[in-house]
Amino acid sequence: MMVHTRPSFPSDDSASRAPLLRIGCAGWSIPASYAPRFDSEGTHLQRYARVFNAVEINSSFYRPHRATTYQRWAASVPTHFRFSVKMPKAISHEKRLQGCDSDLIEFLDQACCLRDKLGCLLLQLPPSFMFDQAVVAPFMHQLRRLHSGPVACEPRHASWFSASSSRVLRDHGISRVAADPARCTDAALPGGDRSIEYTRLHGSPNVYYDTYSLASLARIREELERFSTETQERWCMFDNTALGHATGNALTMINHV
């Protein structure tokens, strides 16, 4: 079992700074309409990584990937590039964080083969998953025993947006995703541990299908560029991939930040 360690950031509690921004998409496919914006040589991942500095691997939610696959992906991207890897549905949706130690160890053994290119783990919970400290805290304790790198959790039940749930997340150094569209008001805001803030933009109002207007992107950009004394990185991942809008929105964003 490989234990992945948290990356080190410069520490200066008194300094307010603009966090490092990581902007990208859920997956590295390149829609034909945006192909001229990318180099023509190399794999899709290589072409994507010459433009963006981060990506979400969502396929890991559905099926495991071999260690050699993660190693090949890591070798395909520049030094500054980082991957976010979505945790398997066997952990989040099927076993619902209980009795999943072997699944967690297997997943970490695979994903950690990205080594220093592993930027964050993403845990997305089903909308029916209510916050239950007796279930959540032991899982997060075990996760932190095995893995000390950044983790972002995207809960989708209203019970997760409370002081008690936020405290459990902070105690384990886990960020709460800011999501759009938000299922409740606080779901639009980052929470939990604030060393890393993670935003997922799914398309609104039609999830996965709708694009974001220039006005919406400008408002999002303002939030991303806010100075902070505690946040070192902000991730902004576009998941409105059904019609290829994620790529266009992400390209617009990187051209304006």
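An account of the accompanying structure is given in this report. Bear in mind the structure is a predicted one, so any value in this text is a computation, not a measurement.

Each value, and the rule that gives it
- Residues numbered from 1 in each chain as written.
- Predicted model: local features only at pLDDT ≥ 70, side-chain atom pairs only at ≥ 80, totals over all residues.
- Heavy atoms only, no water.
- Salt bridge = Lys/Arg side-chain N within 4 Å of Asp/Glu carboxyl O.
- Buried < 20%, exposed > 50% of the residue type's maximum accessible area, 1.4 Å probe, protein only.
- Core = buried A, V, L, I, M, F, W, Y, C linked by side-chain atoms within 4.5 Å.
- Helix = DSSP H or I, 4+ residues; strand = E, 2+ residues; numbered from the N terminus.
- Contact = heavy atoms within 4.5 Å.
- Pairing = 2+ DSSP bridges.
- Phe/Tyr/Trp six-rings, centres within 6.5 Å; stacked < 30°, edge-to-face > 60°.
- Right-handed = clockwise from strand over helix to strand, strands pointing away.
- Arc of directions from axis to C-beta.
- Polar contact = N/O pair within 3.5 Å; in protein donor to acceptor, adjacent residues only side chain to side chain.

**Comments concerning the pattern of salt bridges**
- Under the criterion given, the structure shown has ten salt bridges.
- Between Arg-226 and Glu-223 there is a salt bridge whose closest N-O contact spans 2.9 Å.
- Since its relative accessible area comes to 30%, Arg-226 is described here as partly exposed.
- Several salt bridges share partner residues, and in doing so they unite Arg-194, Glu-197, Glu-223, Arg-226 and Arg-234 into one network.

**Brief notes about the nonpolar core**
- In terms of nonpolar packing, the biggest core is built from 62 residues, with Phe-83, Val-85, Phe-139, Trp-160 and Phe-238 touching the most fellow members.
- Broken down by element, this core gets its largest block of residues, seven residues, from helix H5 (residues 133-146).
- Sequence-distant contacts of Val-85, that is, excluding residues within four places in its chain, are made with Ile-57, Ser-60, Tyr-70, Phe-107, Ala-111, Leu-114, Leu-118, Cys-120, Leu-121 and Leu-122.
- Counting ten residues, the second largest nonpolar core, distinct from the first, contains Cys-120, Ala-152, Val-177 and Trp-235.

**Looking at the sheet that holds strand S4 (residues 118-124)**
- Overall, mixed pairing links the ten strands, which are arranged S7-S9-S10-S1-S2-S3-S4-S5-S6-S8 in an open sheet. The sheet is open, and its two edges are formed by strand S7 (178-180) and strand S8 (191-192), each paired on a single side.
- When S7 meets strand S9 (residues 196-201), the two strands line up parallel, connected through three bridges. The residue of S9 that forms the bridge with Ala-178 is Thr-199.

**Focus on the packing of aromatic side chains**
- One pass over the full model with this rule turns up twelve aromatic pairs.
- Residues Trp-28 and Trp-73 carry aromatic rings whose centres are separated by 5.1 Å and whose planes lie at 75 degrees to one another, so their mutual orientation is edge-to-face. Note that Trp-28 is positioned in the loop between strand S1 (20-26) and helix H1 (44-49) and Trp-73 in helix H2 (residues 67-75), a separation of 45 residues in sequence.
- Classification of Trp-73 by relative accessible area gives buried; the value is 11%.
- Seen in terms of ring centroids, Tyr-48 and Phe-52 are 4.8 Å apart; in terms of plane orientation they differ by 45 degrees. Their pairing is tilted.

**Topic: the pairing of strand S2 (residues 54-57)**
- Covered by surrounding structure in S2 are Ala-54 and Glu-56 together with Val-55 and Ile-57, the residues of both alternating faces.
- As paired elements, S1 and S2 share three bridges and run parallel to each other. Considered in S2, the bridge of Gly-24 is made with Ala-54.
- Regarding the hand of the β-α-β motif, the stretch spanning S1, H1 and S2 is right-handed.
- Pairing of S2 with strand S3 (residues 82-86), which is carried by four bridges, proceeds in the parallel orientation.

**Describing helix H6 (residues 163-171)**
- Turning to H6, its buried residues are Ser-165, Ser-166, Val-168 and Leu-169. Angularly, the buried residues of H6 cover 160 degrees about the axis, an arc narrow enough to put them on a single face. Along H6, exposed side chains directed more than 90 degrees from the buried face belong to Ala-163 and Asp-171.
- Buried positions along H6 lie against H5, strand S5 (151-154), strand S6 (175-176) and S8.
- Of the residues one or two after H6, Gly-173 is the one with positive phi, at around 65 degrees.

**Regarding unusual backbone geometry**
- In this chain, Asp-180 is followed by Pro-181 through a cis amide linkage whose omega measures 0 degrees.
- Within the element layout of this structure, Pro-181 appears in the loop between S7 and S8.
- Looking along the chain, the bond that leaves Ser-204 and enters Pro-205 is cis, with omega of 5 degrees.
- Take Pro-205: it is sitting in the loop between S9 and helix H7 (214-224).
- Positive phi values are uncommon outside glycine, yet Arg-115 reaches one of about 55 degrees.

**Looking at helix H8 (residues 245-254)**
- Taking burial as the measure, the ten residues of H8 include seven buried ones, the bulk of the element.
- Of all the positions in H8, only Ala-246, Thr-247, Gly-248, Asn-249, Ala-250, Leu-251 and Met-253 are classed as buried.
- Those residues of H8 hidden inside the fold are in contact with S1, H7 and strand S10 (233-238).

**Observations regarding the side chain of Ser-76**
- With respect to the secondary-structure elements, Ser-76 resides in the loop between H2 and S3.
- Side-chain polar atoms of Ser-76 contact the backbone oxygen of Arg-72, separated by 2.7 Å.
- Excluding anything up to four places from it in sequence, Ser-76 contacts Leu-45 and Gln-46.

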